[in-house]
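Each chain, letter by letter, is given below.
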Amino acid sequence: MPDVDLSNYNNTITRKEQVLRLLFQIVWFCLAKPVPRRMFNPWKLFLLRLFGAKLHNKSVIYSSVNVYMPWNLEMDAYACLAPEVDCYNVAKISVGAHSTVSQKTFLCSASHDVTKSNNPLITVPITIKDQVWIGASVFIGMGVTVGQGAVVGATASVYKNVDDWTIVGGNPAKFIKKREING
């Protein structure tokens, strides 16, 4: 059995991306984190757009959100990243219209290929479609698409796509029932 040898690890994130990420983290820490909760949302959207985020004017981002690479974030109208969401968007993360990603959720678009001895970084986009509700403290893994109108229950871990208009929960997330809106 070959050994894991991280001495051969090659970081695929470019020096330019690393510098931009550091600069963004400083700007966000100084100019957005001190802003209480949801106040001055247009200011936070402006700061994210300065670093390439594609955000609708009606999207909402709380001050305590952590965005890894803003240039890989897209949000539609009334999409919300709630308090303490960790958006590890090495690959693109899209949040559809009228969708909420609740507090302390971790969106993870990257991992490492453990079948190779140097564990190279692998990335796959995450797509959260329209009218989705992601409950509190959920983990969404790389490559996942959460279908339109779906609900992911609190503390679930999602490693596979979620069908439209379904409710899932658990670790790993499993189908609970179809979502029906009655009014």
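Note that the structure is predicted; figures quoted are calculated from it, not measured. (Residues numbered from 1 in each chain as written. Predicted model: local features only at pLDDT ≥ 70, side-chain atom pairs only at ≥ 80, totals over all residues. Heavy atoms only, no water.)

K.L.:
Please set out the sheet that holds strand E8 (residues 100–101) residue by residue, giving values where relevant.
P.N.:
One open sheet accounts for 7 strands, arranged E2-E5-E8-E13-E16-E18-E19; its pairing is mixed. In this open sheet, the two edge strands, each paired with only one partner strand, are strand E2 (60–61) and strand E19 (174–178). Bridge count between E8 and strand E13 (residues 133–134): 2 bridges; the pairing is parallel. Note on E13: the bridge partner recorded for Val-101 is Ile-134. (Pairing = 2+ DSSP bridges. Helix = DSSP H or I, 4+ residues; strand = E, 2+ residues; numbered from the N terminus.)

K.L.:
Before we move on, can you summarise unusual backbone geometry with the specific residues and values?
P.N.:
That bond from Asn-171 to Pro-172 is cis: its omega, -5°, falls within 30 degrees of zero. The phi dihedral of His-98 falls on the positive side, at around 60°, and the residue is not glycine. Looking at the element boundaries, His-98 is found in the loop between strand E7 (93–95) and E8. Non-glycine residue Thr-155 carries a positive phi angle of around 65°. According to the relative accessible area criterion, Thr-155 is exposed, its value standing at 56%. (Buried < 20%, exposed > 50% of the residue type's maximum accessible area, 1.4 Å probe, protein only.)

K.L.:
Describe the sheet that holds strand E3 (residues 66–67), and please don't skip the residues or the numbers.
P.N.:
What the 5 strands build is an open sheet, ordered E3-E6-E9-E14-E17; its pairing is parallel. Since the sheet does not close on itself, it has two edges, and those belong to E3 and strand E17 (157–158), each with one partner. Where strand E6 (residues 86–88) lies against strand E9 (residues 106–108), 3 bridges are found, and the strand directions are parallel. Among the inter-strand pairings, Asp-86 is bridged to a residue of E9, identified as Phe-106.

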